[in-house]
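# An overview of the molecular structure
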Amino acid sequence: MATVREIASYLEERVPSSLKLDFDNVGLLCGFPEREVSRILVVLDITLEAIEEAQTLNAELIVSHHPVIFTPLRTVCDDAPDARRVIALLQGGLSAICLHTNLDALEGGVNAALANAVGAEDMEYSPDIGCFCRLPEKMPLSDFLAQTRTALSAPDMRFYDAGRPVEQLALCGGAGGDILYEAAKRGCDTVLTGEVKHHQWIDGAELGLNIIEGGHFATENVVTPPLAEMLRQGFPEVDVCLSRLQGPLSRGFGF
């Protein structure tokens, strides 16, 4: 049976921490390096609900995209949400390995999964995390929206219609509104990302781009199945489970 440390080393080889942005925090961030692992839960976010799910499954390890420790912890007291999650992990005997902007930048990572989900091809990666690709056939924005809502399980997407059909795409999972400026220079007609700031909506509209805000969770959660498959290939003796949570706030949240 593999240990937490061995699984962390395996992931480091395939999703190197050298790819991360300077501000980021990735790798084995919490837990018990020498503990043997029989079950892994793969999630986008390590929330208290995800920790509860891992405990219900009798998992020893959670592998996530977003870091469970992002802002440095100055104190570890249970009256702060970030520290409370760390305490819950340790009390539950759980370790956490997090792959964030290194998984964003990886060829075959978040943006490849997003492109595959929406049926795009001929990917070219951006140096600023994101990618440029195209659809096999040009289609009306309304058709692409319907297809993307289904592919990402994201019925409440916001969008701006610049009156252009969709063919040349700029994609960036998560908060990737900055990609629209390079998209315009490259002649793209449409930008799909998770979150777009107010001024970026204005800039993108004036640049003549269709803009689709698919939601941070929906545009990144597509990477969890290939991440789980990567773990299964490396550790066939370990049970790798995909989280059933449908967002960071699965209960009591709606529109």
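A brief look at the structure comes next. Every chain is numbered independently, its residues counted from 1 as its sequence is written. Totals for whole chains, interfaces and linings use all residues, but because this is a predicted model, local features are given only for residues with pLDDT of at least 70 and pairs of side-chain atoms are given and counted only at 80 or more. Note that water and hydrogens are dropped before the side-chain values are worked out from all heavy atoms of the structure.

Computed from the structure, the second largest pocket encloses a volume of approximately 480 Å³. Put plainly, a pocket is an open set of points on a 1 Å grid over the protein atoms alone with protein on both sides within 12 Å along at least five of seven lines, a cavity is a set where a 1.4 Å probe fits but cannot get out, and a lining residue has an atom within 4 Å of a point. In terms of lining residues, the second largest pocket is bounded by 24 residues, among which Asp-128, Cys-172, Ala-175, Gly-176 and Asp-178 are the most central. In this text, helices come from DSSP runs of H or I with a minimum length of four residues, and strands from runs of E with a minimum of two, each type numbered from the N-terminal end. Every element with two or more residues in the lining of the second largest pocket is listed here: helix H4 (101-105), helix H7 (179-185) and helix H9 (216-221). With three residues, H7 is the largest single contributor of residues to the lining of the second largest pocket. When residue character is reported, Ala, Val, Leu, Ile, Met, Phe, Trp, Tyr, Cys and Pro are called nonpolar, Asp, Glu, Lys and Arg charged, and the others, Gly included, polar. Considering only residue class, the lining of the second largest pocket consists of eight nonpolar, nine polar and seven charged. Grid points are joined across faces, edges and corners, and a volume is the space filled by probe spheres set on the points.

Before going further, it helps to spend a moment on unusual backbone geometry. The residue Ile-129 is not glycine, and still its phi comes out positive at about 70°. We note that Ser-153 has phi near 50°; this positive angle belongs to a residue other than glycine. With respect to the secondary-structure elements, Ser-153 resides in the loop between helix H6 (141-152) and strand E7 (158-160).

With that settled, the discussion passes to the sheet that holds strand E11 (residues 239-242). When DSSP finds two or more bridges between a pair of strands, those strands are recorded as paired. The strand order across the open sheet built from five strands is E1-E4-E3-E2-E11, with neighbouring strands paired in mixed fashion. One side of each edge strand has no neighbouring strand; the edge strands of this open sheet are strand E1 (27-30) and E11. Put simply, the sheet's adjacent strands are angled 25° from each other on average, direction ignored. Bridge count for strand E2 (residues 39-43) against E11 is four bridges, and the pairing is parallel. Across the sheet, Arg-39 pairs through a bridge with Asp-239, a residue of E11. Here, two residues are considered to be in contact whenever any of their heavy atoms come within 4.5 Å of each other. Only C-alpha atoms enter the line fits that serve as axes; for helices the fit covers just the stretch in contact. Angles between N-to-C directions range over 0 to 180 degrees. The sheet contacts of helix H1 (residues 4-14) involve E1, E2, strand E3 (61-64) and strand E4 (95-98), and relative to E4 the element is tilted by about 5°.

A word on the packing of helix H5 (residues 110-118) against H6. Running from N to C, H5 and H6 cross one another at 120°; their axes reach a closest spacing of 9 Å. Classified by the angle their axes make, H5 and H6 are oblique. Taken as a pair, H5 and H6 cross one another with a handedness that is right-handed. Packed against H5, whose contacting residues are Leu-114, Ala-117 and Val-118, the element H6 presents Phe-144, Gln-147, Thr-148, Ala-151 and Leu-152 at the interface. Our angle categories are set so that under 35 degrees counts as roughly parallel, over 145 as roughly antiparallel, 65 to 115 as roughly perpendicular, and the remainder as oblique. Less than a right angle of anticlockwise turn of the near helix away from the far helix marks a crossing as left-handed, whereas a clockwise turn marks it as right-handed.

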